[in-house]
Amino acid sequence: MKLAKIFFRPILHLFALYFTNCIISNFPIRFVRTFWYRFFVRMKIGKHTFIDMHQYFFQPWKIQIGKFSHINRGCFLDGRGGIHIGNSVCISHKVSLVTGGHDMNSGNFEHKFLPIYVGNYVFIGVGAIVLGNVRIGDGCVVCAGAVVTKDCDAYGIYAGVPARKIGERSKNLNYTCNPKTFFC
């Protein structure tokens, strides 16, 4: 029994991760992908949330996505430290949410995994990178190509490398990210 746990569980996880990232992620029918993500890899996905094709996940069972959110094509979501994405969040193409890294001061260069929290009504632009131990407040905008290394205030607009606050967004937000396409 112990041998089965030690030997077969990692192989099963590896197979599930491979199948999720290489087969399911490229499957052209959205509801099939969503079904797989919810029921086989145990990702928590809210109603009317859309995850487009060509995603890459690490430990998707540690990712939680709220209602009416949209994750565009080609994103990298590293769930090892835990990712919480709120309601009505729009994540553009090729965004990376990276919770894993290394402790550079460690003699063993140890791994460390820190969570990412994304509030409600957040927009993250094309190619942005959000690193672990970051909280992005409600209504925040992260501009294209920004690298977020520190917390972002609610309704702030952030740009640059590293991301800095460049403005404020309206606090009167009441929209849903709800694409109407069947294939995507």
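Remember, predicted model here, so these are calculated numbers, not experimental data.

Draft legend 1. View of the layout of surface pockets. Of the volumes computed, that of the largest pocket is approximately 190 Å³. Taken together, Leu 12, His 13, Phe 15, Ala 16, Trp 36, Phe 40, Val 41, Arg 42 and Trp 61 form the lining of the largest pocket. Looking at the lining of the largest pocket, the element that brings in the most residues is helix α1 (residues 2-23), giving four residues. Grouping the amino acids of the lining of the largest pocket by side-chain chemistry returns seven nonpolar, one polar and one charged. Space inside the second largest pocket adds up to approximately 160 Å³. In this structure, the second largest pocket is lined by Val 98, Thr 99, Gly 100, Gly 101, Lys 112, Leu 114, Leu 131, Gly 132 and Thr 149. Along the lines of polarity and charge, the residues of the lining of the second largest pocket split into three nonpolar, five polar and one charged.

Draft legend 2. The packing of aromatic side chains, seen in detail. Scanning the entire structure with this criterion turns up ten aromatic pairs. Considering the side-chain rings of Trp 36 and Phe 40, the 4.6 Å spacing of their centres and the 25° angle between planes classify their relative orientation as stacked. For Phe 40, a relative accessible area of 51% translates into the label exposed. Between the aromatic rings of Tyr 37 and Phe 57, the centroid separation amounts to 5.1 Å while the plane-to-plane angle is 70°, which identifies the pairing as edge-to-face. In this pair, Tyr 37 sits in helix α2 (residues 30-39) while Phe 57 sits in strand β3 (residues 56-58), placing the two residues 20 residues apart along the sequence. Grouping residues by exposure puts Tyr 37 and Phe 57 together as buried. An aromatic cluster is defined as three or more aromatic residues linked by ring pairs; in this entry it consists of Phe 15, Phe 19, Phe 35, Trp 36, Phe 39 and Phe 40.

Thresholds, definitions, all that
- Residues numbered from 1 in each chain as written.
- Predicted model: local features only at pLDDT ≥ 70, side-chain atom pairs only at ≥ 80, totals over all residues.
- Heavy atoms only, no water.
- 1 Å grid on protein atoms, 1.4 Å probe; cavity = no way out; pocket = protein on both sides within 12 Å on 5 of 7 lines; lining within 4 Å.
- Points joined across faces, edges and corners; volume = space filled by probe spheres on them.
- Helix = DSSP H or I, 4+ residues; strand = E, 2+ residues; numbered from the N terminus.
- Nonpolar A, V, L, I, M, F, W, Y, C, P; charged D, E, K, R; others polar.
- Phe/Tyr/Trp six-rings, centres within 6.5 Å; stacked < 30°, edge-to-face > 60°.
- Buried < 20%, exposed > 50% of the residue type's maximum accessible area, 1.4 Å probe, protein only.

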